[in-house]
Amino acid sequence: MTALAPRTTVAVIGAGTMGAGIAQVAALAGHPVFLYDTRPEAAAQAITGIQQGLHALVSKGRLDASLAETALDGLRAADALADLGGCGLIIEAIVERLDAKAALFDALEAIVAPDCLLATNTSSIPVTAIGAGLRHPGRLGGLHFFNPAPRMPLVEIVSGLDTTPTTATTLADTATAWGKTAVHARSTPGFIVNRVARPFYAEGLRLLQEQVLDPATLDHVMRSCGGFRMGPCELTDLIGQDINAAVSRSVWTAFHHAPRFEPSLLQQELVDGGRLGRKSGRGFHDYREGAPAPTPHLAAPQTCPTSITIHGDSPLALALRARLQTRGIAFHTTSAAQDQRIAEAGEAVLYLTDGRSATRRAHDLDRPATLLLDLVLDPMLATCLPLAAARQCPDTARQDAIGLLQAAGFGVAPTQDAPGMVVMRTVAMLINEAADTVHQGVCSAADLDLAMRLGVNYPLGPLDWCDRIGAGMIGTVLTHLRSSDGERYRPCGALQSAIHSGKSLHDA
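Residues numbered from 1 in each chain as written. Predicted model: local features only at pLDDT ≥ 70, side-chain atom pairs only at ≥ 80, totals over all residues. Heavy atoms only, no water.

Trainee: Explain the overall build of the protein to me, using residue names and the numbers behind them.
Mentor: Summing up its helical and strand segments, the protein has 20 helices and 15 strands in all. Radius of gyration (C-alpha) of the protein: 26 Å, near the 23 Å computed for a compact globule of 508 residues. Dimensions of the protein, computed from the C-alpha atoms along their principal axes, are close to 80 × 50 × 40 Å. A burial count over the protein gives 55% of its 508 residues as buried. (Helix = DSSP H or I, 4+ residues; strand = E, 2+ residues; numbered from the N terminus. Rg over C-alpha atoms; globule rule 2.2 N^0.38 Å. Buried < 20%, exposed > 50% of the residue type's maximum accessible area, 1.4 Å probe, protein only.)

Trainee: For the nonpolar core, give the residues involved together with the corresponding values.
Mentor: In this structure, Leu350, Leu387, Leu405, Leu448 and Met452 are the most contacted members of the largest nonpolar core, which totals 103 residues. Ranked by the residues each element gives to this core, the list is headed by helix α16 (residues 423-439), at 10 residues. (Core = buried A, V, L, I, M, F, W, Y, C linked by side-chain atoms within 4.5 Å.)

Trainee: Outline unusual backbone geometry, listing residues and values.
Mentor: Cis geometry is found at the peptide bond from asparagine 147 to proline 148, where omega equals 0°. Within the fold, proline 148 resides in the loop between β6 (140-145) and β7 (154-159). For glutamate 41, which is not glycine, the phi torsion reads 70° and is therefore positive. Following the sequence through the fold, glutamate 41 ends up in the loop between β2 (33-36) and α2 (42-59). Among the residues examined, glutamate 41 registers a relative accessible area of 54% and is labelled exposed.

Trainee: Help me get a handle on the packing of helix α8 (residues 198-209) against helix α10 (residues 232-239), residues and values and all.
Mentor: α10 packs onto α8 with a crossing angle of 115° between their chain directions and a minimal axis gap of 9 Å. The chirality of how α8 crosses α10 is left-handed. Residues Phe200, Tyr201, Gly204 and Leu208 of α8 pack against Pro232, Cys233, Leu235, Thr236 and Ile239 of α10. (Axes fitted to C-alpha atoms, helices over the stretch in contact; angles between N-to-C directions. Left-handed = near helix turned anticlockwise from the far one by under 90°. Contact = heavy atoms within 4.5 Å.)

Rendered as structure tokens:
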């Protein structure tokens, strides 16, 4: 292990929330730490905030008092860049602008020793570009923490074209010594997490723009059906609509306006209107005092049909059987139906979405009473299921389908009929982007899944999710989405290879 020794002095430049958090992490690891900011008193104020935070942790019994005092004793505000000449590691956490970062490192190179490591906390600017003007760019690497830095376990170690293996290894080992989990990434737009996570926001925003469902219902579905910690509306409200939109534009521009990264007009309208989320009081949801909590739109109670047949042994079919049986509701079972239906209830025939709209599937099957169910992370634990009905579906069949699902203990979220529905469409795009990221050598398959679980709290890594669903199913969903909604849904080469070879994306 080549972690920097605790006696090594570390400097953090930028005393905002992220910079202060990184300084706290380094100080608690035993390093003498300088915190510097060009704004007068900003570093001193940040240190006061760190002090208050650590004392609060001590009072709650979550931090040893002597460790807190040692960390605070070693934490100092620097008055000028020149004070940082004796540092062994300097971490930049300033404004996300290439010109500002490049100018800072150029100034630092004239101050620090030749063996001082330089690190940028940029979330999306290429490390290669930041270090392009340096005399010794090999000692610069990305050290990308996630907010809040003291609590979030993940750090992306990002290597530009000139970053030496020794620099990357030392940064990774140092982050590990600081109690973090380090993953390695090549310097490409968005690195791992900010690239692969784009579909989680983009597909949700498209569904809202297409009026498939409302923000409160979208968030509820993604939590209760998809198993995500937060839905896309509440998460972007927490991040800040302006920040999330800026990262989306940055990635879209860096990928030469690839359709799958296209920014949302709906999100831009929120930004233009000052509805930035929690920090402004309103975003997709209203956070002002006295505002009602977001309430999802769920179907009114319907009568359970007396005639129910469950087909096959898919996870959703097995869960329906178990949930109905627990509630004492009679049903028949068959082996898998030729047309892959999951259940029949009265007039209704229910299928898992395959990327076609319910309307198109009803036409293809010549079965008007067709309704679609969404992908579910765990059908036994899910509390809600989205349901889409074909336009030609009779109201009586829709009521029968709702009655069946409610009898099985699900809340039912009726959605407008859209290809791929909600969770399936989002997860398919996450898998596709993850597969392409690994295929392009940005990171290993293992590091990608780890990064997405630790960096954004996904219930499964996208590649693990593909193993669960099957690459063939994901390819079918994307192919159908592409036929209706365009090139953004094209299955990437790595996913197509997995489909044709029968191999896992983990084996790529």
